[in-house]
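Survey of secondary and tertiary structure
Here's the letter readout for the chains.
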Amino acid sequence: MQDGFVKVAAITPKVRVADVTYNVESCLSSIKKAYAEHEARVIVLPELCITGYTCEDLFWQDELLDAAESGLASIALHTFDVDALVLVGLPVRVASKLYNCAAVLYGGEVLGLVPKQNIPMYNEFYEGRHFTAGPEVVTSVDFSIFGEIPFGANQLFSCESLPELVVAAEICEDLWVANPPSVAHAMAGATLICNLSASPAIAGKAEYRRSLVSNQSARLVCGYLYAGSGEGESTTDLVFSGHNLICENGHILADTGCFTDGIAVSEIDVASLVAERRRLSTFFVAPSPEDARHIVTYVALDFEDMTKLTRFVDPRPFVPASDDRRAERCEEVLSIQAHGLATRLAHTGSQRVVVGISGGLDSTLALLVTVRAFDQLGLDRGGIVAVTMPGFGTTDRTYTNAVRLARTLGAELREISITAAVRQHFIDIGHDEANHDVTYENAQARERTQILMDVANQVRGMVIGTGDLSELALGWATYNGDQMSMYGVNASVPKTLVRHLVHYCADSYMQTDEKDAADILYDVLDTPVSPELLPANADGSIDQKTEDLVGPYELHDFFLYHVLRHGSSPHKVFRLACYAFEAGTSGEKYSKGAILAWLKVFYRRFFAQQFKRSAMPDGPKVGSVALSPRGDLRMPSDASSTLWLSNLEALEDDVDC
């Protein structure tokens, strides 16, 4: 099972200018290395690599052009047993004109010749002296020993065994123009663009190239392979650095840098690209390639063996890895949350809010966001009514942190114990207090919400919700209890990011010499995540730990990201989690058995708890994954999870990750 992955390679072979025999051997060696050692199924080499890009007026010599055609024949012959689509550059004569072409090879045959459409004239290149701009329209030309071959830019190469893999080519300058050919290719259905390039090494150009290639892959929601010329090209006026890139939907998967060994290898997830295009209503793909004036050549690549993953799979997709980017993301998210709340307060004319504080991460973040919103509006922080509501499971540690934080931040603190009211409620409904079941827990959560709503009425304010995205996904909230508020500032913030947001605020307070606030936040970060609805241990420590019951939030956030952001199947989510958490990109942490068990919990809860999300209050969206029933997830509350759980049941005997 491929799960939509295809191994790809971009290579810079060593060349000698006009030494076709040497170049052919070098190209063959690179192709076979990419195929045999890296198992690449799409391999792209640079522009005019069979002759060398810098041949200048030697391109007018039939001796060189004849040798190039023979060289291509040799490459085709010696790659007949290479089960990969290979793109290699050479000059091609058609109707008394010369074209800079990408030859597309498979199984010993030339499937098509794709000419460069945009020929540079007056910059560091002077291709217009030798080459003619290629046509878009595809015709059939008689090419050397190969007979009739499709010639023209509008060509697609589609994989029969992996239909999501549709390959197209453009050449160097084609990418740098205002309307690159790859735009039309993507609109015709191409999911992988291959660029055969030369592009010399000029100061600052490598970074610009990275930006250009990654941005084009993002605009077109595609994979993009870029192979640049390198060692051996003439240095008369220019130097070529052999820069190779592999990008996918805005992300750089592989980057050789400049003046290195010249091979970039990774896996493109074409299934996720197709899913993303399907999700984006503004991404237009023609009903058929013919409607987009493209012709399609089908390729029978063999995908019996599962593509081995080498690309980075982020175990924490909601949290940037680098300190700088994480700090930037935290500031951005906090600003969105605070601005959303400030706008709602201004719209309603509210100058007071009510926040339930427990000393836990979520309520702490909600209070921090509220303080930001009040400061933004120039409101007195005393208008923030922070209510702590100790109950049967409240520990001294969380109670103390809640009280100290409210006072330190300048909010009005109210302490309202729920113990007596809940006990009276147990008497009223005939529930045994010794029975610590769901009624015991939810009665406390609903009592707290009733208090918050009534206090809000008293002060003519709004109740600020504290629940986060991860809790919403799992339904880890009491319906008409902590599930309800008047504005949920954390509604689209995943639990793995909540921790970093609070830490960012703690660091910020420390930098501004507000040490008391920082120390409280650091202690909150060290406190186990718990709803504190069950009595504490004998030593006063927290007994009810959320992750022991519902599973590790870092796993659930990983599942949530891949299920909603990429529409991945349960099998694929499991495979990626195994790779990211067990023996892949983050070291050994969770066994396959543990990952599978918690993934089943995720799907069961995700489907069963939709009714809570259908009634969730307003809240600001901060990322690409959110669960608002009004715009992000429109899902029936009675949808069946049978298909998804059946997919997981088939994995019980193990899956090769």
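Within an unreviewed UniProt entry, the label attached to the chain reads Glutamine-dependent NAD(+) synthetase, and the organism entered is Lancefieldella rimae. Per UniProt, the chain has the following entry under Function (unreviewed entry): "Catalyzes the ATP-dependent amidation of deamido-NAD to form NAD. Uses L-glutamine as a nitrogen source." Per UniProt, the comment on the chain under Catalytic activity (unreviewed entry) is "deamido-NAD(+) + L-glutamine + ATP + H2O = L-glutamate + AMP + diphosphate + NAD(+) + H(+)".

Details of the overall build of the chain
When you go through the chain residue by residue, the secondary structure sums to 20 helices and 20 strands. If you line up the chain on its principal axes, its C-alpha atoms span 100 × 55 × 45 Å. Buried residues in the chain amount to 56% of all 657 residues. Carbon and sulfur atoms make up 49% of the accessible area of the chain, which totals about 26900 Å².

Considering the pairing of strand β19 (residues 462-465)
Across the two faces of β19 the burial is the same, with Met-462 and Ile-464 and Val-463 and Gly-465 all buried. Note: strand β16 (residues 353-356) against β19, three bridges, orientation parallel. Each bridged residue has a counterpart across the sheet, and for Val-353 the counterpart in β19 is Met-462. Pairing between β19 and strand β20 (residues 487-488): two bridges, direction parallel. The residue of β20 that forms the bridge with Gly-465 is Gly-488.

Let's talk about helix α8 (residues 361-377)
The terminal C-alpha atoms of α8, which comprises 17 residues, lie 25 Å apart, in line with the 24 Å expected from a rise of 1.5 Å per residue. For α8, the buried fraction is high: 13 of the 17 residues fall into the buried class. One or two steps after α8, the chain reaches Gly-378, where phi turns positive at roughly 70°.

Considerations on empty space enclosed by the protein
Remark: the empty space left among the atoms is shown by a probe the size of a water molecule rolled over them. According to the stated counting rule, one finds two cavities of 30 Å³ or more in the structure shown. Empty space within the largest cavity amounts to approximately 140 Å³. Forming the walls of the largest cavity are 15 residues, and the residues nearest its centre are Gly-467, Leu-472, Asp-482, Gln-483 and Pro-617. Per-class residue counts for the lining of the largest cavity are six nonpolar, six polar and three charged. The wall of the second largest cavity is formed by Thr-12, Pro-13, Val-15, Pro-46, Glu-47, Cys-49, Ser-229, Gly-230 and Glu-233.

As for the pattern of salt bridges
Counting across every chain of the model gives 33 salt bridges. Through salt bridges with shared partners, one network takes in Asp-62, Asp-66, Glu-69 and Arg-93.

Quick look at the UniProt feature "binding site: L-glutamine" (unreviewed entry) in the chain
The UniProt entry lists Tyr-122, Ser-199 and Lys-205 under the feature "binding site: L-glutamine" (unreviewed entry), expressed in the numbering used here. The topology assignment puts Lys-205 in helix α5 (residues 205-219). Looking at Lys-205, its side chain comes within polar contact range of the side chain of Ser-199, at 3.4 Å.

Describing the environment of Thr-348
With respect to the helices and strands, the residue Thr-348 is situated in helix α7 (residues 323-348). Residues Thr-348 and Asp-432, 84 residues apart in the sequence, show an inter-C-alpha distance of 43 Å. Side-chain polar atoms of Thr-348 contact the backbone oxygen of Arg-344, separated by 2.9 Å.

With respect to the layout of surface pockets
Its volume calculated, the largest pocket comes out at about 1200 Å³. The wall of the largest pocket is formed by 38 residues, among which His-251, Asp-314, Pro-317, Tyr-561 and His-566 lie closest to the centre. Sorting the residues of the lining of the largest pocket by element identifies β13 (251-255), α6 (270-279), α7, α16 (553-565) and α17 (570-583) as the ones contributing at least two each. With five residues, α7 is the single largest residue contributor to the lining of the largest pocket. Its residues placed into classes, the lining of the largest pocket shows 19 nonpolar, nine polar and 10 charged. Here the lining of the largest pocket spans two domains, since at least three of its residues come from each of domain 1 (7-299) and domain 2 (323-654).

Comments concerning the packing of helix α13 (residues 495-511) against helix α14 (residues 515-525)
For the pair α13 and α14, interaxial distance at closest approach is 8 Å and the crossing angle is 155°. Judged by the angle between their axes, α13 and α14 are roughly antiparallel. As α13 runs across α14, the sense of the crossing is left-handed. Only Lys-515, Ala-517, Ala-518, Asp-519, Leu-521, Tyr-522 and Leu-525 of α14 make contact with α13, whose side of the interface consists of Arg-499, Val-502, His-503, Cys-505, Ala-506, Asp-507, Tyr-509 and Met-510. For the contact of α13 with α14, the class distribution of residues is 10 nonpolar, one polar and four charged.

Let's talk about the nonpolar core
One broad trend across soluble globular proteins is that nonpolar side chains are buried collectively. Counting residues in each nonpolar core, the largest one holds 89 residues, and the members touching the most others are Phe-559, Ile-595, Tyr-603 and Phe-606. Ranked by residues supplied to this core, first place goes to α8 with nine residues. If sequence neighbours within four positions are ignored, Phe-606 has contacts with Ala-473, Leu-560, Leu-564, Arg-613, Leu-627, Leu-633 and Met-635. Residues Leu-165, Ala-169, Val-221 and Tyr-226 belong to the second largest nonpolar core, which totals 53 residues.

Here's the deal with the sheet that holds strand β15 (residues 295-299)
Strand order in the open sheet formed by seven strands is β13-β12-β11-β10-β9-β8-β15, and the pairing between neighbours is mixed. Only two strands of the sheet have a single neighbouring strand rather than two, namely β13 and β15. Direction aside, the axes of adjacent strands within the sheet are offset by 25° on average. Both strand β8 (residues 155-159) and β15 contribute to a ladder of five bridges, which runs parallel. Looking at the pairing, Phe-157 lines up with Thr-297 of β15. Set on the sheet, α5 makes contact with β11 (223-227), β12 (244-248) and β13; between it and β12 the angle comes to about 30°.

Some words on the pairing of β13
Taken together, the four bridges between β12 and β13 define a ladder with antiparallel strand orientation. Directly across from Cys-247, in β13, lies its bridge partner Ile-252. What sits between the antiparallel neighbours β12 and β13 is a turn of two residues, in which Asn-249 has the positive phi angle 50°.

Quick notes on the rules
Residues numbered from 1 in each chain as written. Predicted model: local features only at pLDDT ≥ 70, side-chain atom pairs only at ≥ 80, totals over all residues. Heavy atoms only, no water. UniProt positions renumbered as here; feature names shortened; annotations may be inferred. Helix = DSSP H or I, 4+ residues; strand = E, 2+ residues; numbered from the N terminus. Buried < 20%, exposed > 50% of the residue type's maximum accessible area, 1.4 Å probe, protein only. Areas by Shrake-Rupley, 256 points an atom, 1.4 Å probe, with all protein chains shown as cover. Pairing = 2+ DSSP bridges. Expected span 1.5 Å × (residues − 1). 1 Å grid on protein atoms, 1.4 Å probe; cavity = no way out; pocket = protein on both sides within 12 Å on 5 of 7 lines; lining within 4 Å. Points joined across faces, edges and corners; volume = space filled by probe spheres on them. Nonpolar A, V, L, I, M, F, W, Y, C, P; charged D, E, K, R; others polar. Salt bridge = Lys/Arg side-chain N within 4 Å of Asp/Glu carboxyl O. Polar contact = N/O pair within 3.5 Å; in protein donor to acceptor, adjacent residues only side chain to side chain. Domains from an automatic or database assignment. Axes fitted to C-alpha atoms, helices over the stretch in contact; angles between N-to-C directions. Parallel < 35°, antiparallel > 145°, perpendicular 65-115°, else oblique. Left-handed = near helix turned anticlockwise from the far one by under 90°. Contact = heavy atoms within 4.5 Å. Core = buried A, V, L, I, M, F, W, Y, C linked by side-chain atoms within 4.5 Å.

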